[in-house]
Amino acid sequence: MATTKKTIAVKKTVTDKKATADFLTVQFQLKYHTEFGQNLFIVGDHLLLGNGDIANAIPMQYLNEQAWTATVQLSTTALNQKISYNYVLVNGDGSVVVDWGSDRLLDFQKLSALKVHILDTWNHAGYFENAFYTEPFQQVLLKQNETVAKVRSLKSATHIFRAKYPLLNKDEIVCLTGSFKSANNWDTEGVLCMGKEADNPYFEIQLNLSKEQFPIAYKYGVYNVKTKKLIQFESGDNRILQAAPETKQVTMVQDGFLYLPNHTWKGAGVSIPVFSIRTHDSFGVGEFSDLKKMIDWAETVGLKMIQLLPVNDTTATHTNKDSYPYAAISAFALHPLYLNLKSIAGKKFAAALKKLESTRNELNQLPTVAYADVLKYKIDFAKKVYDAVREEVLAQEDFKNFFNENKDWLTPYAVFCYLRDKHGSVDFATWPSHSQYNENQVAKLLKEGSKSHKEIAFHYFLQYQLHLQLKEATSYAHKKGIIIKGDIAIGVYRYGADTWQHPHLFHMDFQAGAPPDDFAVKGQNWGFPTYNWQIMQDSGFAWWKQRFAQMGRYFDAFRIDHILGFFRIWSIPMHAVEGIMGHFVPAIPLTLRSFAEKGIWFDYDRYTKPFISDSVLWEIFGYDNELVKSLFLTDNKNGLYQLKEAFDTQRKIEAHFATLENDAQHQKIKQGLYSLISNIILFDANGDGQEFHFRFGIENTSSFKALEFGTQQQLKELYVQYFYKMQDDFWKKEAYKKLPSLKRVTNMLICGEDLGMVPGCVPEVMQQLGLLSLEIQRMPKNPERAFFHPNDAPYLSVVTPSTHDMSTIRGWWEEDRKTIQQFYNQELGQWGDAPAYCEAWINKAVVLQHLFSPAMWAVFQLQDLMGMHEQIRRENPLDEQINVPADPNHFWRYRMHLPFETLQETQAFNEELKSYIQQSGR
């Protein structure tokens, strides 16, 4: 369950001090089975319910094994209020779980008595039904099914029954029947229809049961108001209401979800970066406006979701290096690359835009994105438009509203961009002025009428136009019944507006990355600073909550990139270049006692310093080993060597070779020296020889292999304990400190990218919080399986055959013959030798496996869908891969080889894909 450690003060009274003889008594009764040491509380937006502060929540009393209760006396002034509330579970270790949802509401205007008894049920965040009450389902995917029925008030009501079920079809409502006269004693022809107000999840009925015999049994069901027939009753045992109502009391029976199938809804989606979209109207790159033609195609084939990569501004160097979409200089600003010039040109600049038509056509014919060129043309044109319309646009009421809603991040971002361009660098530490963010100094730059203000306001203008264009595209999608899923990057660029404005939120002396895997054997170094989670927690995670809220402005769902970073992050010191030099933070370190308990003689230099012998040098450098000895090493005269001080870190080596010619020999020696530095077993955590972290993959190092066999086995045992046993509970608590409160900020559907070295606690945490996992066929999370079969996917998950960080189905087929042969025989159930190339029928078979998965969502890269059809697939599958994680300098430039207009006209392919989606129930 979702936990956050808190100290809750026990209240001595729950009575309104202003109350006189006229007061309202509310008795809460929650059906919940607790374990020893657990306690329950209530928190709500009223003074007596703690004013929304969990620390001031009111305690409940244990009633029996299945229920807890609490009574609150409110002033009759509460009759004019609507009070929302939640239940809080406090575990024995102090961790806190808040039941899910924001729809528990006391509306006293509906009540005719001054005494209210509420019978409640706990709403577990992991219940499948909660996913269907998120924005994408309620506002788009299930909106057409909503049937509003009047809630009939009954002044003499003794009971109000409330229940909900999200997966009703059009013209269906919830009904009630039972073993009492008012419900016609289980008569299926005379069920009681319940009412529901628009945008209220609960169905409700008010009844007078004062003359009924208790206990009574009842059930909910589904009723079609058009055919006037009962569709079905809920499953399971009858619900029982034990006690008869007291005089002048209203009992609210809030039963939560109906006991009906909750995993029947399934959808299919397509994934593509915006920059990869191609239409006849594009300016050499996909734009927000191009999404409309993609949406039209998605509607044609029956896809319900379009998934995008991050769309934040990454403009750091004005070169192709900025094409990496996960290195945002602002976690909030949209990328000017996606600006549609025609939309801002209007009639006034139509002629100027026409002069760019030949350039646009030339760029649009290129097979890939000419990132830097496209961005320059767009910025230059946008500046001309801005100079002409600046005063008019900035005076508009809609712009002012946009600015006021976003000024907390927009102003620092705009000033940052101005100073970046003025000083020719994003490295604010090198700026001659404003190297540290200072609001008073920034205010001087923003003085109306100044040259700096005019240049800064250009970025306001750009962001406003991008905002309008993206909003227009997402609104268009909603009208077509399609949702847009965004991507929230785990990190931010080291030299960006966020780190400039809020340096205290980051560990600027570390770099985030990922440990080694099959895709990057030396690990990954993303270069981003890691987060100072303690400082973020002190502010209630305000910066992260702002990020989530910003996503909600444009998207219906979002993917949390590298959600494992909320458990622990791979942290690399600044002196290192390669990801292999990192370790997980936070992590429980090993101590000298840890080694002593395993009977390991601790040799500090042997374990923590590079192991460099003649045999190691020959293995890495071959005949260049003597050259390396003479230039970079010192002979210790004991058969071992050490690096000279000028070359004892990877950064020093990087700097040295940056001055030399980049030929094959220099590259070999540089990489070899990197390998020497990483040829260690332990990292000294604090530099004092007391606490340590294992280097990842020690068994592959020559340092480890040179140890005697007994020591190897002892270290391996401790290594397994360190990575796979010691940390799990600790990391789970770390995640629970962050994720529950962040999830509450938004009502979007949240998916987590939980790939890589996944701690054992991750699936449990994601299930408890109702976060959708990511399941990839070629990346099984079970180490005993060679592949993951989509048929085994949990319901709350997204299945996909590939992502932007790997080859497509067709590309993968040509990578490893042995692996593909195994896949062909075992997963596809085919006999004989696998074809050398991924023929269309094979690609189709893989797609169909995913479409028929029990997962809520099956999402495919567009390349994988097009790969099913011989006539529209790309000729070379190696040109389909978007990113190569092992290459930190990879240029992200993939574009569709066909425009969406052509794809829309490919009737045979579209009809075939649509039929598969329909057959799969998606």
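All of the points below concern the structure found in this document.

### Some remarks on the pattern of salt bridges
Within the structure shown, the criterion is met by 45 salt bridges. A salt bridge links Asp729 to Lys733; the shortest N-O distance between them is 3.6 Å. In this pair, Asp729 and Lys733 both sit in helix 22 (residues 728–743), four residues apart, roughly one turn of the helix. Connected via shared salt-bridge partners are Lys143, Glu146, Lys196 and Asp199.

### Some words on the packing of aromatic side chains
Enumeration according to the criterion identifies 74 aromatic pairs in this entry. Relative to Trp431, the ring of Phe428 lies with its centre 6.2 Å away and its plane at 70°, an arrangement referred to as edge-to-face. Like Phe428, the residue Trp431 is buried in the burial classification. Relative to Phe692, the ring of Phe602 lies with its centre 4.9 Å away and its plane at 45°, an arrangement referred to as tilted. Of this pair, Phe602 sits in the loop between helix 14 (592–597) and helix 15 (604–608) while Phe692 is found in strand 33 (residues 691–694), placing the two residues 90 residues apart along the sequence. Residues Phe602 and Phe692 agree in their burial class; the two are buried. A network of ring pairs unites the aromatic residues Phe332, Trp409, Tyr413, Phe506, Tyr531, Trp533, Phe541, Trp543, Trp544, Phe548, Phe558 and Phe566 as a single cluster. The ring of Trp544 carries Arg547 above its face, with NZ or CZ at 4.7 Å from the centroid.

### Description of the sheet that holds strand 20 (residues 305–307)
One open sheet accounts for eight strands, arranged 34-26-21-20-19-37-36-35; its pairing is parallel. Each having just a single partner strand, strand 34 (749–752) and strand 35 (773–776) make up the two edges of the open sheet. In this sheet, neighbouring strand axes are inclined to one another by 25° on average, regardless of whether the strands run parallel or antiparallel. As judged from the three bridges shared by strand 19 (residues 267–271) and strand 20, these two strands associate in the parallel manner. Along strand 20, the bridge assignment pairs Ser271 with Gln307. Sheet strands touched by helix 13 (residues 542–554): strand 21 (483–488), strand 26 (557–560) and strand 34. Its angle to strand 21, the strand with the most contacts, is close to 155°.

### Details of the packing of helix 26 (residues 840–851) against helix 29 (residues 907–919)
Close contact between helix 26 and helix 29 brings their axes to 10 Å; oriented N to C, the two are set at 35°. The handedness of the crossing between helix 26 and helix 29 comes out as right-handed. Listed contacts from helix 29 to Lys844, Leu848 and Leu851 of helix 26 are Glu912, Tyr916 and Ile917. Of the residues belonging to the contact of helix 26 with helix 29, the class tally is four nonpolar, no polar and two charged.

### Things to note about unusual backbone geometry
In the segment running from Phe214 into Pro215, the intervening peptide bond is cis, with an omega of 0°. Summarising the element assignment, Pro215 is placed in the loop between strand 14 (203–207) and strand 15 (216–224). Along the chain, Val585 connects to Pro586 via a cis peptide bond; the corresponding omega equals -5°. Considering the arrangement of structural elements, one finds Pro586 in the loop between strand 28 (583–585) and strand 29 (590–591). One non-glycine residue with positive phi stands out, namely Trp186, at about 70°. Position of Trp186 among the secondary structure elements: in the loop between strand 12 (172–178) and strand 13 (192–193). For Trp186, a relative accessible area of 29% gives the class partly exposed. Positive phi values are uncommon outside glycine, yet Lys248 reaches one of about 55°.

### Considerations on the sheet that holds strand 10 (residues 115–121)
With respect to topology, seven strands assemble into an open sheet ordered 5-6-2-10-18-11-14, the strand pairing being mixed. The open sheet is flanked by strand 5 (61–64) and strand 14, the only strands paired with a single partner. Each adjacent strand pair in this sheet contributes to an overall mean axis angle of 20°, direction not counted. As paired strands, strand 2 (residues 23–31) and strand 6 (residues 67–75) are joined by nine bridges and run antiparallel to one another. Opposite Phe23, over in strand 6, you have Ser75 as the bridge partner.

Calculation criteria
- Here the residue numbers are simple positions, counted from 1 along each chain's written sequence.
- Owing to the predicted nature of the model, reporting of local features is limited to residues with pLDDT of at least 70; listing and counting of side-chain atom pairs is limited to 80 or more, with chain, interface and lining totals taken over all residues.
- As a rule here, side-chain values come from all non-hydrogen atoms in the structure, and water together with hydrogens is ignored.
- Salt bridge, as applied in this entry: a Lys or Arg side-chain nitrogen positioned within 4 Å of an Asp or Glu carboxyl oxygen.
- Going along the chain from the N terminus, every DSSP run of H or I of four or more residues is numbered as a helix, and every run of E of two or more is numbered as a strand.
- Planes of paired rings set the category: under 30 degrees apart is stacked, over 60 is edge-to-face and the rest tilted, where pairs are Phe, Tyr or Trp rings (Trp by its six-membered ring) whose centres lie within 6.5 Å.
- Using a 1.4 Å probe on the protein chains alone, a residue whose accessible area is under 20% of its type maximum counts as buried, one over 50% counts as exposed, and one in between counts as partly exposed.
- Sitting over a ring, as applied to charges here, requires NZ of Lys or CZ of Arg to be within 6 Å of the ring centre and within 35 degrees of the ring normal.
- Two strands are said to pair when DSSP picks up at least two bridges between them.
- Helix axes use the C-alpha atoms of the stretch in contact, all axes being lines fitted to C-alpha atoms, and the angles between their N-to-C directions lie in the range 0 to 180 degrees.
- For this analysis, residues touch if any pair of their heavy atoms sits within 4.5 Å.
- Crossing handedness: left-handed means the near helix sits turned counterclockwise from the far one by under a right angle, and right-handed means the same turn made clockwise.
- Each residue is assigned to one class: nonpolar for Ala, Val, Leu, Ile, Met, Phe, Trp, Tyr, Cys and Pro, charged for Asp, Glu, Lys and Arg, and polar for all the others, Gly among them.

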